[in-house]
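Secondary and tertiary structure notes
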Amino acid sequence: MIFNRIKLVVDRVIAAFSIMVMSVLVICVVWQVFSRYVLNQPSTLTDELARFLMIWVGLLGAAYTVGAQRHLSIDLLSMALQPRKQALLSIVVNLLIFLFSGGVIVTGGMKLIGKTLATTQVSAAMQIPMGYVYLILPLTGIVMMFYALWFINAGITSLKNSMEGVN
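Everything quoted here is computed from the prediction, not taken from an experiment. (Residues numbered from 1 in each chain as written. Predicted model: local features only at pLDDT ≥ 70, side-chain atom pairs only at ≥ 80, totals over all residues. Heavy atoms only, no water.)

Before going further, it helps to spend a moment on the packing of helix 1 (residues 2-37) against helix 2 (residues 44-67). Between helix 1 and helix 2, the shortest axis-to-axis distance is 9 Å and the interhelical angle comes to 155 degrees. Accordingly, the angle class assigned to the pair helix 1 and helix 2 is roughly antiparallel. By crossing handedness, the relation of helix 1 to helix 2 is classed as left-handed. Here the contact of helix 1 with helix 2 is composed, by residue class, of 18 nonpolar, four polar and three charged. (Axes fitted to C-alpha atoms, helices over the stretch in contact; angles between N-to-C directions. Helix = DSSP H or I, 4+ residues; strand = E, 2+ residues; numbered from the N terminus. Parallel < 35°, antiparallel > 145°, perpendicular 65-115°, else oblique. Left-handed = near helix turned anticlockwise from the far one by under 90°. Nonpolar A, V, L, I, M, F, W, Y, C, P; charged D, E, K, R; others polar.)

Listed below in structure tokens is the structure:
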């Protein structure tokens with residue numbers, strides 16, 4: 001199915017981008033420590049960049065864990081349910097994830113970007129518009145919404161298959 005191939009591509013892109021961002025973060029932190037303790041000239045740019053990259057890694061990691069269904073959850077209830085009810089619960093949970101991602105992360109992120117770009121707020125050391133830093137919010141929200149739709153579709157398919165098995 002094409003939806004499965006798209007999910008695989010999204011998984012790989014998010015994983016590769018996260019690895020790249022994390023690698024740059026590590027380099028920034030190592031340079032920050034080296035410049036502070038060896039050169040006695042701390043770099044202000046790497047400190048701020050590391051902070052922004054940490055935000056990006058955290059949000060990208062959250063999106064990736066939603067796609068891997070590894071996000072924090074209490075599965076005591078779902079483990080006690082029969083497969084049909086597990087599929088139904090999965091649909092409901094992923095619908096809530098979809099609504100939260102769209103309503104809070106994407107919409108809120110877009111509003112935040114708009115406000116910071118309108119006020120021309122820039123970062124202290126690098127002097128880049130803060131709206132660019134916040135671009136990760138709607139991006140990860142859209143990825144989370146995609147994953148939620150994928151799991152809703154999988155739950156509906158599972159529900160249909162269990163209904164056919166009953167008849």
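Moving on, we come to the UniProt feature "transmembrane region" (unreviewed entry) in the protein chain. According to UniProt, the feature "transmembrane region" (unreviewed entry) maps to residues 12-34, 49-66, 87-110 and 130-152 in the numbering used here. End C-alpha to end C-alpha, residues 12-34 measures 33 Å, and it is 100% helix and 0% strand. Taken end to end, residues 49-66 is 100% helix and 0% strand, and its first and last C-alpha atoms sit 26 Å apart. (UniProt positions renumbered as here; feature names shortened; annotations may be inferred.)

Next up on the list: the side chain of Lys7. Following the sequence through the fold, Lys7 ends up in helix 1. With relative accessibility at 10%, the residue Lys7 sits in the buried group. Within the local environment of Lys7, its side chain forms a polar contact with the backbone oxygen of Gly67, the two atoms lying 3.2 Å apart. Residues in contact with Lys7, not counting those within four places in the same chain, are Gly67, Phe146, Tyr147, Trp150 and Phe151. (Buried < 20%, exposed > 50% of the residue type's maximum accessible area, 1.4 Å probe, protein only. Polar contact = N/O pair within 3.5 Å; in protein donor to acceptor, adjacent residues only side chain to side chain. Contact = heavy atoms within 4.5 Å.)

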